[in-house]
Amino acid sequence: MSIIKDKKTDPNKILPMKYLWARTYYKNGVANNWTPEEVSMQLDVEQWKSPGVISAKERELILLNLGFFATAESLTANNIVLALYKHVTNPECRQYLLRQAFEEAVHTDTFIYCCDSLGLDPDMIYSMYETVDVIKAKDEFVVGLTKSILNGNFEVVDTNTTQMFLRDLIGFYVIMEGIFFYAGFAMMLSLKRHQKMVGIGEQFEYIMRDESIHLAFGCDLISTIIQENPEVWTAEFQQEIVELIKHAVTLETAYAVQACPDGLLGISSSQFCDYVEYIADRRLLRLGLPKVYHTPNPFLWMSEATDLSKEKNFFETRVTEYQSGGSLEW
Ligand code: FE
Ligand code: MN
């Protein structure tokens, strides 16, 4: 039995299980359940509508992040259902993919809720992935890694097609959810630290908690495929992945610099670039690849301020503690 492309696996027989970690991620996801309506947008609406509270540049930052995430969540959901699900034949992994797809629907719902409560123009927000170059470049980069898998005739049959499948997994789990989401997380949580748009900030904290599990599941899936098919993890392919991640870092730093020009929120653009490099090194290590940047974390508060298990009471009756252990900043 193997985790993907296993013709002998009966996808309807989840017991007995082989990959217990997939089951654990499923249970952790369920334990973290939340919906955007549980977070009040009252203060955000007041701040958004009163002149002078949120500066013009802060408004641009918020709109750019809402524009990026509004469509990125759907891109991720569609990748699970249309590209991944068919080929991940193991039933407990499929159970997790269904859970993750639901969470992406919750995240998509969050941006509907934000648009509705702030009275934003949906055409403007939902066309940003076509009209704003720094967003378009990120999305096109990830979508480019998955195109060949979306072809209905694609099957994982050999080294070449296994590597194509891994490119999709790395594109979505490591680059989209693991790198492209993180400058935005840092910006929105930084606003919240300044008592600005605290409702959206809290929703971003819950999204980040979910994403940290998506990312961990994705990396375990990738590692398992590599363990079961070691011939695909060639030096050349490893180098290709390092180059993909380096390119992703340039796209994410361009996004961060445009969204958060110097001086905004007391953070310089170069700190965002450092943060993206620090995050990228963590992702490389998680894939068993060497660090590229060796950049220290400029935002220690990202690990501290978002530890929901310690300081949040809001969901305490439902989420007793953060299920993946330790910091959210996976
Ligand atoms: Fe998401
Ligand atoms: Mn996700």
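About the criteria used
Residues numbered from 1 in each chain as written. Chains lettered and ligands numbered in written order. Predicted model: local features only at pLDDT ≥ 70, side-chain atom pairs only at ≥ 80, totals over all residues. Heavy atoms only, no water. Donors = N, O, S within 2.8 Å, 3.2 Å for Na, K, Ca; no water. Tetrahedral: all angles 85-135°; square planar, octahedral: opposite > 155°, others 65-115°. Helix = DSSP H or I, 4+ residues; strand = E, 2+ residues; numbered from the N terminus. Buried < 20%, exposed > 50% of the residue type's maximum accessible area, 1.4 Å probe, protein only. Axes fitted to C-alpha atoms, helices over the stretch in contact; angles between N-to-C directions. Parallel < 35°, antiparallel > 145°, perpendicular 65-115°, else oblique. Left-handed = near helix turned anticlockwise from the far one by under 90°. Contact = heavy atoms within 4.5 Å. Nonpolar A, V, L, I, M, F, W, Y, C, P; charged D, E, K, R; others polar. Patch = residues over 30% accessible without salt bridge, like charges linked within 9 Å, V, L, I, M, F, W, Y side chains within 5 Å. Areas by Shrake-Rupley, 256 points an atom, 1.4 Å probe, with all protein chains shown as cover. Salt bridge = Lys/Arg side-chain N within 4 Å of Asp/Glu carboxyl O. Expected span 1.5 Å × (residues − 1). Polar contact = N/O pair within 3.5 Å; in protein donor to acceptor, adjacent residues only side chain to side chain. Arc of directions from axis to C-beta.

(A) Representation of the coordination of the iron ion (ligand 1) in the model. Around the iron ion (ligand 1), the donor atoms from the protein are Glu73 (OE), Glu104 (OE), His107 (ND1) and Glu211 (OE), and they sit 1.9 to 2.2 Å away. Every donor counted, the four donor atoms about the iron ion (ligand 1) form angles of 85 to 134° at the centre, which fits tetrahedral coordination. Along the chain, the residues donating to the iron ion (ligand 1) are arranged with the sequence spacing E-x30-E-x2-H-x103-E. Metal-to-metal, the separation of the iron ion (ligand 1) and the manganese ion (ligand 2) is 3.1 Å; glutamate 104 coordinates the two. Here glutamate 73 is found in helix α3 (residues 56–84), whereas its partner histidine 107 is found in helix α4 (residues 91–118), with 34 residues between them in sequence. For the pair shown, glutamate 73 and histidine 107 are each scored as buried.

(B) Examining the packing of helix α9 (residues 182–193) against helix α12 (residues 269–286) more closely. Taken N-terminus to C-terminus, the directions of α9 and α12 make an angle of 130°; their axes are 10 Å apart at the nearest point. The pairing of α9 with α12 is recorded here as oblique in orientation. As for how α9 packs across α12, the hand of that crossing is right-handed. Note on element contacts: α12 touches α9 through Phe272, Tyr275, Val276, Ile279 and Arg283, opposite Tyr182, Ala183, Ala186 and Met187. Residue composition of the contact of α9 with α12, grouped by class: eight nonpolar, no polar and one charged.

(C) Here's a closer look at the coordination of the manganese ion (ligand 2). Taken together, Glu104 (OE), Glu177 (OE), Glu211 (OE) and His214 (ND1) make up the protein donors of the manganese ion (ligand 2), found 1.7 to 2.2 Å from the metal. Donor residues for the manganese ion (ligand 2) sit on one chain with the sequence pattern E-x72-E-x33-E-x2-H.

(D) Seen up close, a nonpolar patch on the surface. Together, Val81, Leu82 and Leu150 line one region of the surface with nonpolar side chains, adding up to about 290 Å² of accessible area. Here valine 81 lies in helix α3. The exposure class assigned to valine 81 is exposed, which follows from its relative accessible area of 52%.

(E) Geometry of α9. With 12 residues, α9 extends 16 Å between its outermost C-alpha atoms, agreeing within 8% with the 16 Å of an ideal straight helix rising 1.5 Å per residue. Taking burial as the measure, the 12 residues of α9 include 11 buried ones, the bulk of the element. All buried positions along α9 are accounted for by Tyr182, Ala183, Gly184, Phe185, Ala186, Met187, Met188, Leu189, Ser190, Leu191 and Lys192. The first or second residue beyond α9 is glutamine 195, which carries a positive phi of 60°.

(F) Region of interest: the pattern of salt bridges. All told, the structure shown has eight salt bridges when counted by the stated rule. Residues glutamate 252 and lysine 138 are paired through a salt bridge, measuring 2.6 Å at the closest nitrogen-oxygen approach. Taken together, the residues span a long stretch of sequence, with glutamate 252 in helix α11 (residues 235–259) and lysine 138 in helix α7 (residues 133–150) at a distance of 114 residues. On the accessibility criterion, lysine 138 (0% relative accessible area) is buried.

(G) Here's a closer look at the environment of arginine 23. Of note, arginine 23 is situated in helix α1 (residues 20–31). Along the sequence, arginine 23 and lysine 5 sit 18 residues apart, while their C-alpha atoms lie 19 Å from each other. Apart from residues no more than four positions distant in its own chain, arginine 23 is found in contact with Met17 and Gln95. A distance of 3.1 Å separates a polar atom in the side chain of arginine 23 from a polar atom in the side chain of glutamine 95.

(H) Local environment of α1. Helix length check: α1 (12 residues) gives 17 Å between terminal C-alpha atoms against 16 Å at 1.5 Å per residue, within 8%. Burial in α1 covers these residues: Ala22, Tyr25, Asn28 and Gly29. Viewed end-on, α1 has its buried residues packed into an arc of 120°, placing them on one side of the element. Looking at the buried residues of α1, the elements they touch are α4, α10 (198–228) and α12.

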